[in-house]
Amino acid sequence: MTEAPSSAPDNVTLPDIDLLRIDHVGIAVPDLDAAKTFYAETFGLRVVHEETNEEQGVREAMLAVGDGPRLQLLAPARPDSAIAKFLDRSGPGLQQLAYTVADVEAASAALRARGLRLLYDTPRRGTAGSRINFVHPKDAGGVLVELVEPA
Ligand code: V0V
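The shown structure was predicted, so the numbers you read here are calculated from the model rather than taken from an experiment.

A. Layout of unusual backbone geometry. For D18, which is not a glycine, the phi torsion comes out positive at approximately 60°. Tracing the chain through its elements places D18 in the segment before strand 1 (19-28). In this structure, A128 is a non-glycine residue whose phi angle is positive, near 55°. Along the chain, the position of A128 falls in the loop between strand 6 (124-125) and strand 7 (131-135).

B. Seen up close, the packing of aromatic side chains. This model, assessed by the stated rule, comprises 4 aromatic pairs. With a centroid separation of 5.3 Å and 90° between ring planes, the pair formed by F38 and Y39 is classed as edge-to-face. Note on F38: relative accessible area 43%, which makes it partly exposed. Plain terms: the ring middles of F38 and F43 are 6.0 Å apart, the flat faces sit at 85° to each other, and that makes the pair edge-to-face.

C. Representation of the sheet that holds strand 4 (residues 70-76). Strand order in the open sheet formed by 8 strands is 2-3-4-1-5-8-7-6, and the pairing between neighbours is mixed. Edge positions in the open sheet fall to strand 2 (46-53) and strand 6, since each of these has one partner strand only. Both strand 6 and strand 7 contribute to a ladder of 2 bridges, which runs antiparallel. For R124, the partnering residue across the bridge sits in strand 7 and is I132.

D. Spotlight on the pattern of salt bridges. Evaluation of the coordinates by the stated rule reveals 10 salt bridges. The partner of K36 in a salt bridge is D33, with the nearest N and O atoms 3.5 Å apart. One end of the pair, K36, and the other, D33, are both in helix 1 (residues 32-43), 3 residues apart, so they sit about a helical turn from each other. Under the relative-accessibility criterion, D33 is labelled partly exposed at 41%. By sharing partners, the salt bridges in this structure join D33, K36, E50 and R59 into a single network.

E. Inspection of helix 3 (residues 104-113) at higher detail. Residues of helix 3 that are buried include every one of V104, A107, S108, A110 and L111, and no others. For helix 3, the angular spread of buried residues about the axis comes to 160°, placing them on one side. The inward-facing, buried residues of helix 3 abut strand 5 (93-101), strand 7 and strand 8 (145-149). For helix 3, the capping residue at the N-terminal end is D103, with a side-chain oxygen 3.0 Å from the backbone nitrogen of E105. Once helix 3 ends, the next one or two residues include G115, with phi positive near 90°.

Quick notes on the rules
Residues numbered from 1 in each chain as written. Predicted model: local features only at pLDDT ≥ 70, side-chain atom pairs only at ≥ 80, totals over all residues. Heavy atoms only, no water. Helix = DSSP H or I, 4+ residues; strand = E, 2+ residues; numbered from the N terminus. Phe/Tyr/Trp six-rings, centres within 6.5 Å; stacked < 30°, edge-to-face > 60°. Buried < 20%, exposed > 50% of the residue type's maximum accessible area, 1.4 Å probe, protein only. Pairing = 2+ DSSP bridges. Salt bridge = Lys/Arg side-chain N within 4 Å of Asp/Glu carboxyl O. Arc of directions from axis to C-beta. Contact = heavy atoms within 4.5 Å. Polar contact = N/O pair within 3.5 Å; in protein donor to acceptor, adjacent residues only side chain to side chain.

Listed below in structure tokens is the structure:
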């Protein structure tokens, strides 16, 4: 594993990141309806929210797992989307790990201060009106990290 880059000088106190909990784990699937059926019949998980995010090019379903972090099924809404590209390259499977934060701009700034690349200059709209940003997987040990500030 490559080490996360750090452009911060040694003598500077870095701002806290304040991750509150794991919000959800995102799984790329080619067919949302087939995946919903699979997760319901195999694991007994029910859909608690569903929407299409045009900007992200995804159809998504959020599944409850007790009262813990949720499972987010992500299917491509168009062939040039991030999920379509991921499926082409890696096939179905874990695509992202999302943390809940109270302030996505502050958390993004704190990670930038540690030299990590955030994908967006300003937060974008995520599930259910949340505000989101992502850390590039190459700066986070091969994991696409999402920051979620709930609505
Ligand atoms: C790409 N790579 C990954 C990865 N996607 N590694 C781990 N996990 C992933 N999900 C690796 C890939 O294998 C290459 O490695 C390298 O990154 C390519 O980097 P790149 O050329 O800069 O980028 P792309 O074109 O592959 O795109 C990757 C990124 C893209 C992460 C930039 O997927 C993106 O913009 N994602 C953020 C948006 C998103 O994921 N939206 C869908 C979920 P090698 O081969 O070079 O070693 S929407 C959502 O979650 C919502 C709405 C919500 O939760 O509310």
